[in-house]
Amino acid sequence: MSMYHEGQRVLQDRFDGRRLSDVLEAHRRHDTFTDADAEMIRSAPFFFLATAHGDSVDCSIKGGNPGFVRITGPGTLEFPDYDGNSMFRSLGNILRSPAVGLLFVRFDGSSTKLRINGRAEIVDDPAVVAAHPGAKLVVRVTAQHIYPNCPRYVPDMQTVAPSKYAPAPGRAAPPPEWKSRDYIQPALPADWKKWHEPL
C-alpha cells in the first residue's frame, strides 16, 4: 500500500516531485521498527499525535518520562493516556476513526525526525493499564508507514528539564495551576485528586 494518496500525487506531479517521492518511499518507508527507530521512541520525553474524525481534527503533545512510549511488537507501540482536561479530543477521535499520525522529534537541529502513520485502538484491560504507571487508558498503535526524514527546519534548542507533571513511581505529580481556578473546581471529575497522589 502506497503512503501517497491522490491529493499528494496531484501536487507531486505539479512540482515534478513524483520521481523523488517514489524513491524516498522505496528507500525510507517501512512498517517495522529499526534499531534507530526504537532508540528514538524509547528515549522520547514527548511526541506529537494527530487524530481526526470528520471535521474534528486535533494535534496534541503527549509527554512523560523517557520510556513512557513502549514498543510492544515489530510494528506496534503503546503509550499511556494520563490525567488531562477531560475533553478526550485525541482519544475521542480514535474511538470513531482509528487513523493516527505520530511525530517524534528532537529539537537538537540534527537528529532525524520519525513519522509513524497507523491505526490506533484504546486499551482498557486493567493489566495493560497497570503496566503504565499513572495511566487512565492505553493507546496501542499498529504502524502502517514508518518514515524517518531529515531534520531541516528543526531548531537547535536545549532541553533543560523534563516536565514535573509526568507520572513517575514514588512521586506525586502536582496538579496543574488551572485546576485551582474557581470556575474549574466545581467541574473537575470526582476522582481528580487520585491522579496527583504518589504511584
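Shown above is the structure to which this text applies.
Residues numbered from 1 in each chain as written. Predicted model: local features only at pLDDT ≥ 70, side-chain atom pairs only at ≥ 80, totals over all residues. Heavy atoms only, no water.

Let's talk about the environment of Leu 49
Stage number 1. Summarising the element assignment, Leu 49 is placed in strand β1 (residues 46-53).
Stage number 2. When its relative accessible area of 0% is taken as the criterion, Leu 49 is described as buried.
Stage number 3. In this structure Leu 49 touches Asp 58, Cys 59, Ser 60, Lys 62, Phe 79, Ser 90, Val 100, Gly 101 and Leu 102, once residues within four positions along its chain are discounted. (Helix = DSSP H or I, 4+ residues; strand = E, 2+ residues; numbered from the N terminus. Buried < 20%, exposed > 50% of the residue type's maximum accessible area, 1.4 Å probe, protein only. Contact = heavy atoms within 4.5 Å.)

What about the nonpolar core?
Stage number 1. If you look at the biggest cluster of nonpolar residues, it comprises 23 residues, and the most contacted ones within it are Leu 77, Leu 102, Phe 104 and Ile 116.
Stage number 2. For this core, the secondary structure elements donating two or more residues are α3 (35-43), β1, β4 (76-81), α4 (89-96), β5 (99-104), β6 (113-123) and β7 (137-149).
Stage number 3. In terms of residue count, the dominant contributor to this core is β7 (four residues).
Stage number 4. With five residues, the next largest nonpolar core counts Val 123, Val 128, Ala 135 and Val 138 among its residues. (Core = buried A, V, L, I, M, F, W, Y, C linked by side-chain atoms within 4.5 Å.)

Considerations on a nonpolar patch on the surface
Stage number 1. A grouping of Val 10, Leu 11 and Phe 15 is seen on the molecular surface, where their side chains present a nonpolar patch of about 320 Å² in accessible area.
Stage number 2. Among the structural elements, Val 10 can be located in helix α1 (residues 6-14). (Patch = residues over 30% accessible without salt bridge, like charges linked within 9 Å, V, L, I, M, F, W, Y side chains within 5 Å. Areas by Shrake-Rupley, 256 points an atom, 1.4 Å probe, with all protein chains shown as cover. Salt bridge = Lys/Arg side-chain N within 4 Å of Asp/Glu carboxyl O.)

Considering the environment of Pro 175
Stage number 1. Structurally, Pro 175 can be placed in the segment after β7.
Stage number 2. Separated by 22 residues in the primary sequence, Pro 175 and Glu 197 place their C-alpha atoms 9.6 Å from one another.
Stage number 3. Setting aside residues no more than four positions away along its own chain, Pro 175 makes contact with Tyr 165, Trp 192 and His 196.

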